[in-house]
Number of protein chains: 2
Amino acid sequence: MAKTRWFCFAIALLVIARFCNCEEAVLSQKEQDRVSRLPGQDFDVDFAHYSGFVTTNEKLGRALFYWFFEAAEDAASKPLVLWLNGGPGCSSVGFGEAEEIGPFHIKSDGKTLYLNQYSWNQVANILFLDAPVGVGYSYSNTSSDLLTNGDQRTAKDSLKFLLKWVELYPEYKGREFYIAGESYAGHYIPQLSQAIVEHNQASGENTINLMGYMVGNGLMDDFHDSLGLYQYIWTLGFISDQTYSLLKLKCGLEPFVHTSEVCLKALDIMDMEIGDIDQYSVFTPACVANASQAKMLLKKRRVGGRVSEQYDPCTMKHSKVYFNLPEVQEALHVPPGLAPSKWDVCSDDVSRNWKDSPSSVLNIYHELIAAGLRIWVFSGDADAVVPVTSTRYSIDALKLHPVSPYGPWYIDGQVGGWTQEYDGLNFVTVRGAGHEVPLHRPKEALALFQAFITGTSLSTPENSISSEKSELINDS
Amino acid sequence: MAKTRWFCFAIALLVIARFCNCEEAVLSQKEQDRVSRLPGQDFDVDFAHYSGFVTTNEKLGRALFYWFFEAAEDAASKPLVLWLNGGPGCSSVGFGEAEEIGPFHIKSDGKTLYLNQYSWNQVANILFLDAPVGVGYSYSNTSSDLLTNGDQRTAKDSLKFLLKWVELYPEYKGREFYIAGESYAGHYIPQLSQAIVEHNQASGENTINLMGYMVGNGLMDDFHDSLGLYQYIWTLGFISDQTYSLLKLKCGLEPFVHTSEVCLKALDIMDMEIGDIDQYSVFTPACVANASQAKMLLKKRRVGGRVSEQYDPCTMKHSKVYFNLPEVQEALHVPPGLAPSKWDVCSDDVSRNWKDSPSSVLNIYHELIAAGLRIWVFSGDADAVVPVTSTRYSIDALKLHPVSPYGPWYIDGQVGGWTQEYDGLNFVTVRGAGHEVPLHRPKEALALFQAFITGTSLSTPENSISSEKSELINDS
């Protein structure tokens, strides 16, 4: 008798959830997206996580895939952080979650998982988004959409995603919110931040309570990025004097997307001289099995985010196996009809058909610095894709006022990298890390993230540098 | 009865050896220098080795210490190679033998040895020389000699050493002879080579049959070395823009030895900004125990040769323990009366009182290229003491004609570094290696040495680079 009553109650709840717009139904959608034990997961975790789709364009049927991890402890008091990878066309799930900052990393069999002890959900609630459509599991019912992506639509759709996502997870409305990511997300992150700031100003709302963002080895400004790249690879001896000159001559003022034929030829020569190294991590062994794929990625100016002595250079391959497993797709709530015929870490179709990409986002930096956002820019210094030199040139171009001496920051008694605080922006390097900083230097990356979230300086203990330097400058 | 006769014979031999100039006596001196099992050596080796002193100035009592290793196999058919470390003031025994290319390396207890599987005596007979006096066990009976060392006397004494050494080891008279080394040996090696070439021309002899030399991360030209250093550390983000400008302004034209106060101040700021990293290997952990000593070395412009993920950054400390053991000194034929009160890897007295050091040795390169020597210049690209950039600038200043395309060289399917062959000189980088290339990348270093000795190209398989490049240059 008690059983029957319980059954009726459950049915009633399901009916409500299906047809009603009330809060219970919303909760139910979230509950539907809850992920239980994953294939290959032979350990328990203390946090809940959710994955599924959010429709960003009803008419055309565009839907973005997300995977959300509550903080490991005390989620309710912790901020919400959106993580974005680059490309354009690369998956935040494939890179950010599975190789970098997420809790579930994939073993070399491509089938079993292990718990990343440096997962960023120790510090915050982390949301991974695959954007735009055509990336990862994100799809559109209008197939032409996959060939017409660009920066502007990505920002718009991502904003729409966020606004709808907080409807599903209303406990995050007004929560401290940050965006972090790397590489081509150097475009996505300021653009989406700008869209949020404008939306908040227009609506007078603060549902998406954006406090700041953090970009790693990110594209910022085509001219300065190129200049820094050619200088970095020449300085380290990866290319000849002649090719260095050639690159400055033929590619000096080229856009990142839609590069000219003559510059592409110079880039081919550059790649030939560099040889089969992992350009995303120049001092560590390359994944020999990846060679052909790596070359393909390089053809399109090598931005995406593959990536040291403690890292498996073939990591990307493991994601490719895992996220193609039907049982994994089922566990992540990707219905067979919606799953891509072949999931890939980066989509060539998306990157090859990219429509709009401004040559610089520095103007947005100026705007968002003025808006008072906390902005950190970090760089793994062993990356030859968007090297530390490029980032320095771009930051120099912002003409910010330094408010601390330049110097090293320490972790476990060793120099983790260098840092410079400016009025409105913090610059941090991570020593020995490649393009995907959290993959190569997971401990340092977690310390960096913790400092960013808490707004704590990673400053040098040598506070005397500044005064000694000005004395010497005045001496001259 | 037989015993008594044997004893008389032995005594007679010793008397002959002591008072007679005949070949038997010479052989006996060599036999006296033969090293049997060393303290802490719990393994057998297949080669003979010898150590002792050669007097280079009878009147003043200057004597240089050497340690000589026959090739592991077929020594009679293999060339003789002299290895020199830098400083000025650092020991080829403490660095070259015990940390880099020698067979006996020291474990972290400072007492036991292990066999270096990448020892260069697999390829050649290797002679380590501690020069000038005051370095390692090398001494002078005239104590003022230790405070009046310089480039010129080092070259002269080293030549004298070689001429007397081949008298002790006559089987090496006329043998193919090469010199190799690193750091400040970037001065010693061309200078000694020049002295040998001039001696051979003057005497009409070829006793020291010099065929070529190889210099790693070597000082070549003060101006270009400085320029390259500041660019390298700025490009990698180790110093601020301001300090970069300051260094170019205050230290741009400074001599390596006897640097001005104002430049030393700028270098102090540079060191403060760089922080406690191992500047000899910038991407690997520093030896925390070495911190104070490292700082002291840095004060004197940081050239010497300390030096990765597979290396013990405290190696230098182990040498310091081992070579101070009385039983080690006895085994190496250093009589208690001649042993320094405290053996050190680098002598501060020697470096601080260095007399002459030309600002450039590029003129000697021109001379020795014209003399037809085989000259190779290599560079570990993770060194911030004499970085790869410095070496590139110096080689560019030689204005040599390239005879091969610039490109990567491979080892075990991975890029070992990059190489460029010029008419008269080969340039080779070693990827990821610090200042002491054979310490960090022992396998790559042995392959490099093998190629140098056999005169084999480490050239790129991409022979098409050259033609594609000229096409593109012509296109423009």
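Residues numbered from 1 in each chain as written. Chains lettered and ligands numbered in written order. Predicted model: local features only at pLDDT ≥ 70, side-chain atom pairs only at ≥ 80, totals over all residues. Heavy atoms only, no water.

*Asks:* What is the right way to look at the overall build of chain A in this model?
*Replies:* The helix and strand tally for chain A stands at 17 helices and 13 strands. Looking at chain A as shown, the accessible area adds up to about 17,700 Å², and 53% of this sits on carbon and sulfur atoms. (Helix = DSSP H or I, 4+ residues; strand = E, 2+ residues; numbered from the N terminus. Areas by Shrake-Rupley, 256 points an atom, 1.4 Å probe, with all protein chains shown as cover.)

*Asks:* Just checking my understanding: could you explain unusual backbone geometry for this structure?
*Replies:* Of note, the bond from Ala131(A) into Pro132(A) is cis; its omega dihedral lies within 30 degrees of zero at -5 degrees. Along the chain, Pro132(A) turns up in the loop between strand S6 (125-130) and strand S7 (139-140). Phi at Asp74(A) is positive, roughly 50 degrees, even though this residue is not glycine. Exposure remark for Asp74(A): the relative accessible area of 53% places this residue in the exposed category. Backbone geometry places Lys399(B), a non-glycine residue, at a positive phi of 50 degrees. Examined against the element boundaries, Lys399(B) turns out to sit in the loop between helix H14 (388-398) and strand S11 (407-411). Residue classification places Lys399(B) among the exposed residues on the basis of a relative accessible area of 73%. (Buried < 20%, exposed > 50% of the residue type's maximum accessible area, 1.4 Å probe, protein only.)

*Asks:* Honestly, the interface of chain A and chain B in this entry has me stumped. Any pointers?
*Replies:* Frequently, the measure chosen for interface size is the accessible area that the parts lose on association. Taken together, the 58 residues of chain A in the interface contact 59 residues of chain B. Linking chain A with chain B are 2 salt bridges. Along the contact surface separating chain A from chain B lie 26 residue pairs in polar contact (both at pLDDT 80 or more). Elements that contribute at least two residues to the side of chain A that touches chain B include exactly helix H6 (222-235), helix H7 (241-251), helix H8 (261-274), helix H14 (388-398), strand S11 (407-411), strand S12 (414-422) and helix H17 (465-475) of chain A. With 7 residues, H8(A) is the single largest residue contributor to the side of chain A that touches chain B. (Contact = heavy atoms within 4.5 Å. Salt bridge = Lys/Arg side-chain N within 4 Å of Asp/Glu carboxyl O. Polar contact = N/O pair within 3.5 Å; in protein donor to acceptor, adjacent residues only side chain to side chain.)

*Asks:* Please clarify how the pattern of salt bridges should be interpreted in this entry.
*Replies:* Pairs can form between side chains of opposite charge once their charged atoms are near each other. Residues and elements named next belong to chain B. What the rule picks out here adds up to 24 salt bridges over all chains. With a shortest N-O distance of 3.1 Å, Glu58 and Lys164 are connected by a salt bridge. Placement of Glu58 in the loop between strand S1 (49-57) and strand S2 (62-69) and of Lys164 in helix H4 (residues 151-168) is noted, with a sequence separation of 106 residues between them. With relative accessibility at 61%, the residue Glu58 sits in the exposed group. Asp348 is paired through a salt bridge with Arg352; the nearest N and O atoms lie 3.5 Å apart. Here the residue Asp348 and the residue Arg352 both occupy positions in helix H12 (residues 348-352), the gap between them amounting to 4 residues, near one helical turn.

*Asks:* What's the story with the state of the cysteines in this structure? I'm lost.
*Replies:* Simply put, disulfide is the name for a covalent bond between the sulfur atoms of two cysteines. All names here are of chain B. Taken as a whole and assessed by the stated rule, the structure comprises 4 disulfides over all chains. Linked covalently through their sulfurs, Cys90 and Cys346 form a disulfide whose S-S length is 1.9 Å. In this structure the cystine formed by Cys90 and Cys346 twists about its S-S bond by roughly 105 degrees; its chirality is therefore right-handed. Side by side, Cys90 and Cys346 carry an identical accessibility label, which is buried. Paired by a disulfide, Cys251 and Cys263 hold their sulfur atoms 2.2 Å apart. Its S-S torsion of about 110 degrees marks the bond between Cys251 and Cys263 as right-handed, since a negative value means left-handed. (Disulfide = S-S within 2.5 Å.)

*Asks:* In this structure, what is going on with the pairing of S1(B)? I would like to understand it.
*Replies:* It is a general feature of regular strands that their side chains alternate between the two faces of the sheet. Residues and elements named next belong to chain B. Extensive coverage of S1 is indicated by the burial of 8 of its 9 residues. Here S1 runs beside S2; their pairing, made up of 8 bridges, is antiparallel. The residue of S2 that forms the bridge with His49 is Phe69. In this structure, the hairpin formed by S1 and S2 is closed by a connection of 4 residues, where Gly61 is found at a positive phi of approximately 75 degrees. (Pairing = 2+ DSSP bridges.)

*Asks:* Looking at this structure, I do not really get H14(A). What am I missing?
*Replies:* All names here are of chain A. Within H14, 9 of the 11 residues are buried, leaving the element largely enclosed by the surrounding structure. Within the span of H14, buried status applies to Val388, Thr389, Ser390, Thr391, Arg392, Tyr393, Ser394, Ile395 and Leu398. Following H14 by one or two positions, Lys399 adopts a phi angle in the positive range, close to 50 degrees.

*Asks:* Could you clarify how one ought to interpret the pairing of strand S9 (residues 209-216) of chain B in this entry?
*Replies:* All names here are of chain B. With 7 of 8 residues buried, S9 is to be regarded as a mostly interior element. Summarising the sheet, strand S8 (residues 176-182) and S9 pair through 7 bridges and their orientation is parallel. Paired with Glu176 across the two strands is Asn209, which belongs to S9. Alignment of S9 against strand S10 (residues 374-380), held across 5 bridges, turns out to be parallel. Each residue of the ladder has a partner; that of Gly212, found in S10, is Arg374.

*Asks:* What should I look at first to understand the relation of the copies chain A and chain B in this one?
*Replies:* Note: a rotation about an axis with an accompanying shift along it relates these two copies of the chain. If you rotate chain A by 180 degrees and push it 0.0 Å along the axis, it lands on chain B with an RMSD of 0.0 Å. Here the two chains are linked by the operation of a two-fold rotation axis. Most of the interface of chain A is mirrored in chain B: 100% of its interface residues are interface residues there too. (Least-squares fit on C-alpha atoms with pLDDT ≥ 70 in both.)

*Asks:* Got a minute to help me understand the packing of aromatic side chains in this structure?
*Replies:* When we look at a pair of aromatic rings, we describe it by the centre distance and by the angle of the planes. Inspection of every chain in the model, using the stated rule, returns 75 aromatic pairs over all chains. Ring geometry for Tyr188(A) versus Trp354(A): centroids 6.2 Å apart, planes at 45 degrees, classification tilted. Across the pair, exposure class does not vary: Tyr188(A) and Trp354(A) are buried alike. Measuring from ring centre to ring centre gives 6.2 Å for Tyr50(B) and Phe68(B), while their planes differ by 20 degrees; the resulting arrangement is stacked. A residue pair is termed long-range when its members are at least 10 positions apart, and Tyr50(B) in strand S1 and Phe68(B) in strand S2 qualify at 18 residues. (Phe/Tyr/Trp six-rings, centres within 6.5 Å; stacked < 30°, edge-to-face > 60°.)

*Asks:* Help me understand the side chain of Thr243(B) in this model?
*Replies:* Mapped onto the secondary structure, Thr243(B) falls in helix H7 (residues 241-251). There is a polar contact of 2.8 Å between the side chain of Thr243(B) and the side chain of Glu273(B).

*Asks:* Help me understand a nonpolar patch on the surface in this model?
*Replies:* On the surface, Phe223(A), Leu227(A) and Leu253(A) cluster together into a nonpolar patch covering about 300 Å² of accessible area. Mapping Phe223(A) onto the fold places it in helix H6. (Patch = residues over 30% accessible without salt bridge, like charges linked within 9 Å, V, L, I, M, F, W, Y side chains within 5 Å.)

*Asks:* For this particular structure, what's the right way to read the packing of helix H3 (residues 93-100) of chain A against helix H10 (residues 315-322) of chain A?
*Replies:* Between two packed helices, both the angle of their axes relative to each other and the distance between the axes serve to describe the pair. All names here are of chain A. One way to put it is that H3 packs onto H10 with a least axis distance of 10 Å and a crossing angle of 110 degrees. Taken together, the axis directions place H3 and H10 in an arrangement best described as roughly perpendicular. Seen along the crossing, H3 lies across H10 with a hand that is right-handed. The residues of H10 that touch H3, namely those facing Gly94, Phe95, Ala98 and Glu99, are Thr315, Met316 and Ser319. Of the residues in the contact of H3 with H10, the class split is 3 nonpolar, 3 polar and 1 charged. (Axes fitted to C-alpha atoms, helices over the stretch in contact; angles between N-to-C directions. Parallel < 35°, antiparallel > 145°, perpendicular 65-115°, else oblique. Left-handed = near helix turned anticlockwise from the far one by under 90°. Nonpolar A, V, L, I, M, F, W, Y, C, P; charged D, E, K, R; others polar.)

*Asks:* Whenever I open this one, the nonpolar core confuses me. Can you help?
*Replies:* Side chains that are nonpolar tend, in soluble globular proteins, to be buried together. One finds Trp165(A), Leu425(A), Trp165(B) and Leu425(B) to be the most contacted residues of the largest nonpolar core, which totals 177 residues. Of the residues that make up this core, three or more belong to each of domain 2 (34-222 + 358-454) and domain 3 (223-313) of chain B. What Trp165(B) contacts, discounting residues up to four positions off in sequence, is Val54(B), Tyr66(B), Phe68(B), Leu80(B), Leu127(B) and Tyr172(B). (Core = buried A, V, L, I, M, F, W, Y, C linked by side-chain atoms within 4.5 Å. Domains from an automatic or database assignment.)

*Asks:* Which parts of the structure should I look at to understand the environment of Ser390(B)?
*Replies:* Residue and element names in this part refer to chain B. Within the secondary structure layout, Ser390 lies in helix H14. We classify Ser390 as buried; its relative accessible area is 0%. Expressed as a C-alpha distance, the spacing of Ser390 and Ser379, which sit 11 residues apart in the sequence, is 9.6 Å. Discounting residues that sit within four places of it in the chain, Ser390 has contacts with His224, Asp225, Gly228 and Leu229.

*Asks:* I would appreciate a short explanation of the packing of helix H13 (residues 362-370) of chain B against H14(B) in the present structure.
*Replies:* Residues and elements named next belong to chain B. Following both chains from N to C, one finds H13 and H14 inclined at 55 degrees, their axes separated by 10 Å at the closest point. The angle between H13 and H14 falls in the class oblique. Judged by the sense of rotation from one axis to the other, the crossing of H13 with H14 is right-handed. Mapping the contact onto sequence places Leu362, Tyr365 and His366 in H13 and Ser394, Ala397 and Leu398 in H14.

*Asks:* How should the confidence of the model for chain A be read in this particular structure?
*Replies:* Low pLDDT marks regions whose predicted coordinates should not be analysed in detail. Residue and element names in this part refer to chain A. Per-chain confidence: chain A averages 88 in pLDDT, with 85% of residues scoring 70 or above. Counted against residues more than four places away or in other chains, residues 13-20, with its pLDDT under 50, gives 5 contacts. The low-confidence segment residues 290-310 (pLDDT under 50) makes 78 contacts with residues lying over four places distant or belonging to another chain. (pLDDT = per-residue confidence, 0-100.)

*Asks:* I would appreciate a short explanation of helix H5 (residues 185-203) of chain B in the present structure.
*Replies:* Given a rise of 1.5 Å per residue, 19 residues ought to cover 27 Å, and the 26 Å separating the end C-alpha atoms of H5(B) matches this to within 8%. Burial of H5(B) is extensive: 14 of the 19 residues sit out of reach of the surface. (Expected span 1.5 Å × (residues − 1).)

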